Amino acid sequence: MDKIEKFLRKLSPKERGAIEEYVIIILSGHGNKLDVKKLRGYSDIYRVRKGLIRIIFRQQGRVIRILSISRRDEGTYRDF
């Protein structure tokens with residue numbers, strides 16, 4: 001089981017539904033409707049903020065890959 005699945009299982013159904021909607025929007029390439037910011041020091045890694053939850057993804061051309069979904073803490077943006 002990967003970390004993203006494990007994290008999503010711990011969320012309430014309401015939170016999980018909201019995050020799943022955000023992931024669908026990101027993967028469809030319409031992330032510009034969300035609170036998207038490029039991570040400092042990277043040319044192709046971005047984050048989307050939904051409350052205290054962060055969705056970190058890499059966009060290389062038209063290919064988008066979700067790297068991490070987690071609650072905001074001091075280690076959220078490490079190791080990308």
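Located above this text is the structure these notes cover.
What counts and what doesn't
Residues numbered from 1 in each chain as written. Predicted model: local features only at pLDDT ≥ 70, side-chain atom pairs only at ≥ 80, totals over all residues. Heavy atoms only, no water. Helix = DSSP H or I, 4+ residues; strand = E, 2+ residues; numbered from the N terminus. Expected span 1.5 Å × (residues − 1). Buried < 20%, exposed > 50% of the residue type's maximum accessible area, 1.4 Å probe, protein only. Arc of directions from axis to C-beta. Contact = heavy atoms within 4.5 Å. Salt bridge = Lys/Arg side-chain N within 4 Å of Asp/Glu carboxyl O. Core = buried A, V, L, I, M, F, W, Y, C linked by side-chain atoms within 4.5 Å.

### Some points on helix H2 (residues 13-27)
Here comes step 1: Counted at 1.5 Å a residue, the expected span for H2 with its 15 residues is 21 Å, and the 21 Å between its end C-alpha atoms agrees.
Here comes step 2: Taken residue by residue, H2 has Ile 19, Tyr 22, Val 23 and Ile 26 as its buried positions. Seen along its axis, H2 keeps its buried residues to an arc of 100°; they face one direction. Exposed positions of H2 whose direction lies more than 90 degrees from the buried face are Pro 13, Lys 14, Glu 21 and Ile 24.
Here comes step 3: Structurally, H2 contributes buried residues whose contacts are with helix H1 (3-10), strand E2 (45-50), strand E3 (53-60) and strand E4 (63-71).
Here comes step 4: Positive phi appears at Gly 29, one or two residues downstream of H2, with a value of about 85°.

### A few points about the pattern of salt bridges
Here comes step 1: Summed over the entire model, instances satisfying the criterion amount to five salt bridges.
Here comes step 2: A salt bridge links Asp 35 to Arg 47, with the shortest nitrogen-to-oxygen separation between them at 3.5 Å. Pair noted here: Asp 35 is in the loop between H2 and strand E1 (36-38) and Arg 47 is in strand E2, with a separation of 12 residues, a long-range link.
Here comes step 3: Among the residues examined, Arg 47 registers a relative accessible area of 9% and is labelled buried.
Here comes step 4: For Arg 58, the salt bridge goes to Asp 44, with nearest N and O atoms at 3.1 Å. Taken as a pair, Arg 58 in strand E3 and Asp 44 in the loop between E1 and E2 lie far apart in primary sequence, 14 residues in all.

### Overview of the nonpolar core
Here comes step 1: Membership of the largest hydrophobic core comes to 17 residues, with the highest contact counts inside it found for Ile 19, Ile 26, Val 48, Ile 55, Phe 57, Ile 66 and Ile 69.
Here comes step 2: If you list the elements that add at least two residues to this core, you get H1, H2, E2, E3 and E4.
Here comes step 3: Among the elements that take part in this core, H2 stands out by supplying four residues, more than any other.
Here comes step 4: With sequence-adjacent residues up to four places away left out, Ile 66 is seen in contact with Ile 4, Val 23, Ile 26, Leu 27, Ile 55, Ile 56 and Phe 57.

### Quick look at H1
Here comes step 1: Within H1, burial applies to Ile 4, Phe 7 and Leu 8. Projected onto a plane normal to the axis of H1, the buried residues spread over an arc of 100° and lie on a single side. For H1, exposure combined with an orientation more than 90 degrees from the buried face picks out Arg 9 and Lys 10.
Here comes step 2: Where H1 is buried, its residues contact H2, E3 and E4.

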